[in-house]
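# Fold and geometry: a report
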Amino acid sequence: MSDLLQRLLAERPHLLADGATGTNLFDAGLATGEAPEMWNFEHPEKIEALHQSMVDAGADIILTNTFGGSRYRLKLHKAQDRVEEINRRAVEIARKVADRAGRPVVVAGSIGPTGELFEPLGPLTHAEGVAAFAEQARALASAGADVLWIETMSSKDEVRAAAEGAASTGLPYVCTLSFDTNGRTMMGLMPGEHAQLCHELTPRPVGYGANCGVGAAELIAAVVNMSGSAETGDVIVAKGNCGIPYYHEGKIRYDGTPELMAEYVRMARDAGARIIGGCCGTSPTHLRAMREALDNYVAGPKPTLDEIVGRLGQISLGANQQASGIQAPSNTRENRRRRRESASGDGAF
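Residues numbered from 1 in each chain as written. Predicted model: local features only at pLDDT ≥ 70, side-chain atom pairs only at ≥ 80, totals over all residues. Heavy atoms only, no water.

Turning next to the overall build of the chain. Of the regular secondary structure elements, the chain holds 15 helices and 10 strands. Rg of the C-alpha trace for the chain: 19 Å, near the compact-globule value of 20 Å for 349 residues, within the 12% margin. Expressed as lengths along the three principal axes of its C-alpha atoms, the size of the chain is roughly 50 × 45 × 45 Å. Evaluated residue by residue, the chain yields a buried proportion of 57% over its 349 residues. Relative to all contacts within the chain whose residues are 6 or more apart in sequence, the contacts with residues 24 or more apart total 77%. For the chain, the accessible surface area stands at approximately 14,400 Å², while carbon and sulfur atoms represent 51% of it. For the chain, the centre of its 35 positive side-chain charges and the centre of its 43 negative side-chain charges are spaced 1 Å apart. (Helix = DSSP H or I, 4+ residues; strand = E, 2+ residues; numbered from the N terminus. Rg over C-alpha atoms; globule rule 2.2 N^0.38 Å. Buried < 20%, exposed > 50% of the residue type's maximum accessible area, 1.4 Å probe, protein only. Contact = heavy atoms within 4.5 Å. Areas by Shrake-Rupley, 256 points an atom, 1.4 Å probe, with all protein chains shown as cover. Lys, Arg positive; Asp, Glu negative; His and termini not counted. Charge placed at Lys NZ, Arg CZ, Asp CG, Glu CD.)

Written out as structure tokens, the structure reads:
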């Protein structure tokens, strides 16, 4: 089994992960409602070109085009019986690009949420979740992925199931959550709770952190809050969206500039992240600026809330409270009101 990610982390202070998959594929012609994973067969040259553009921009880690590669997500496209085939093909494409890079490039097998609710909120049992994640993880591992990359999770139940499924392969894994609801995940987890949960998992992830969310500022606030619960030796991951989404000519765009994403990289390092990349809206152009920022990084103190807001933009009330040591109650009418306000933009700081 590969230990490339661990070796690179032992040799270097930081690593650059790639940018977006979905939004860049939309720019390449993917239609709304299409399964990006089917492009591994229908347009493999476009998937290869996307990986190549990220490597050319300086990525040390590229994620496979398998975010929705579990049987529960693939059933939306009547492809639930093609899990092994789809995930294997995605790794083959990424592996081809990584192996010809002329330098070490980690192939990370992307594993996204099932889209189902776990018991008691929904019908999915823990055993069923573990089986689905293990099925996808085995396909990614057997095809040659270096690490499994569990991302955009929101509940403890799904994190535990995904981690158990990933661990069944023997490969190392990374786990990131999306803190997109007033400083919490959609299911109410705070960044510090995620760190504590990862400390309880066996085996522990080789890295954990945050991805996606509602902008670079909010993600940095999550990393700052998470770092307060980190233990010595923890590897924190920051993979934030490229600014805030907006509609333009019928398409979703992101307002983050290369300059903003370079600033985000510097703040992510100061906040404690060692693996930094971009999520939705992050193009190879953005990633190139992020590579330059990492290469020229000069260490600074952990950013304050005022610095995050001043340099990257507004953050939610919930994220502000966590960093200020004011923990909002998790199940009160007032907290639910704040979450609704944050989601609509009215509760932003």
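Picking up after the structure, the text goes on.
Together, Leu 117, Leu 121, Met 186 and Met 187 give the surface a local cluster of nonpolar side chains, amounting to about 410 Å² of exposed area. A residue is classified by how much of its surface remains accessible, and Met 186, at 56% relative accessible area, is exposed. (Patch = residues over 30% accessible without salt bridge, like charges linked within 9 Å, V, L, I, M, F, W, Y side chains within 5 Å. Salt bridge = Lys/Arg side-chain N within 4 Å of Asp/Glu carboxyl O.)

Here we come to the packing of helix α10 (residues 216-227) against helix α11 (residues 258-271). Contact geometry for α10 and α11: axes closest at 9 Å, N-to-C directions at 5°. Between α10 and α11, the angle falls in the class roughly parallel. Along its contact with α10, which presents Ala 216, Leu 219, Ile 220, Val 223, Val 224 and Ser 227, the element α11 presents Leu 260, Tyr 264, Met 267, Ala 268 and Ala 271. In terms of residue class, the contact of α10 with α11 is built from 10 nonpolar, 1 polar and no charged. (Axes fitted to C-alpha atoms, helices over the stretch in contact; angles between N-to-C directions. Parallel < 35°, antiparallel > 145°, perpendicular 65-115°, else oblique. Nonpolar A, V, L, I, M, F, W, Y, C, P; charged D, E, K, R; others polar.)

In this section: helix α13 (residues 305-312). For α13, the complete set of buried residues consists of Leu 305, Ile 308 and Leu 312. Here the buried residues of α13 occupy an arc of 70° about the axis, which is enough to place them on one side. Exposed residues pointing more than 90 degrees away from the buried face of α13 are listed as Asp 306 and Gly 310. Of the residues one or two after α13, Gly 313 is the one with positive phi, at around 125°. (Arc of directions from axis to C-beta.)

A few words on unusual backbone geometry. In this model, Glu 119 is joined to Pro 120 through a cis peptide bond whose omega is 5°. Among the secondary structure elements, Pro 120 is positioned in the loop between β3 (106-111) and α7 (126-143). With an omega of -5°, the peptide bond between Thr 202 and Pro 203 qualifies as cis. Positive phi, normally seen in glycine, also occurs at Lys 78, with a value near 55°.

Glancing now at the environment of Leu 15. Structurally, Leu 15 can be placed in strand β1 (residues 15-16). Distance in space between the C-alpha atoms of Leu 15 and Leu 294 is 8.5 Å, their sequence separation being 279 residues. Apart from residues lying up to four places away in sequence, Leu 15 is in contact with Leu 5, Leu 8, Leu 9, Asp 60, Ile 61, Arg 274, Ile 275, Ile 276 and Leu 294.

With respect to topology, 8 strands assemble into an open sheet ordered β1-β10-β7-β6-β5-β4-β3-β2, the strand pairing being parallel. Pairing within the sheet leaves two strands with one partner each, and these edge strands are β1 and β2 (61-63). Sheet topology places strand β4 (residues 147-153) next to strand β5 (residues 173-177); 4 bridges connect them, and they run parallel. Bridge assignment links Leu 148 to a residue of β5, and that residue is Tyr 173. Against the sheet, α7 makes contact with β3 and β4, and its axis sits at roughly 160° relative to β3, the strand it touches most. (Pairing = 2+ DSSP bridges.)

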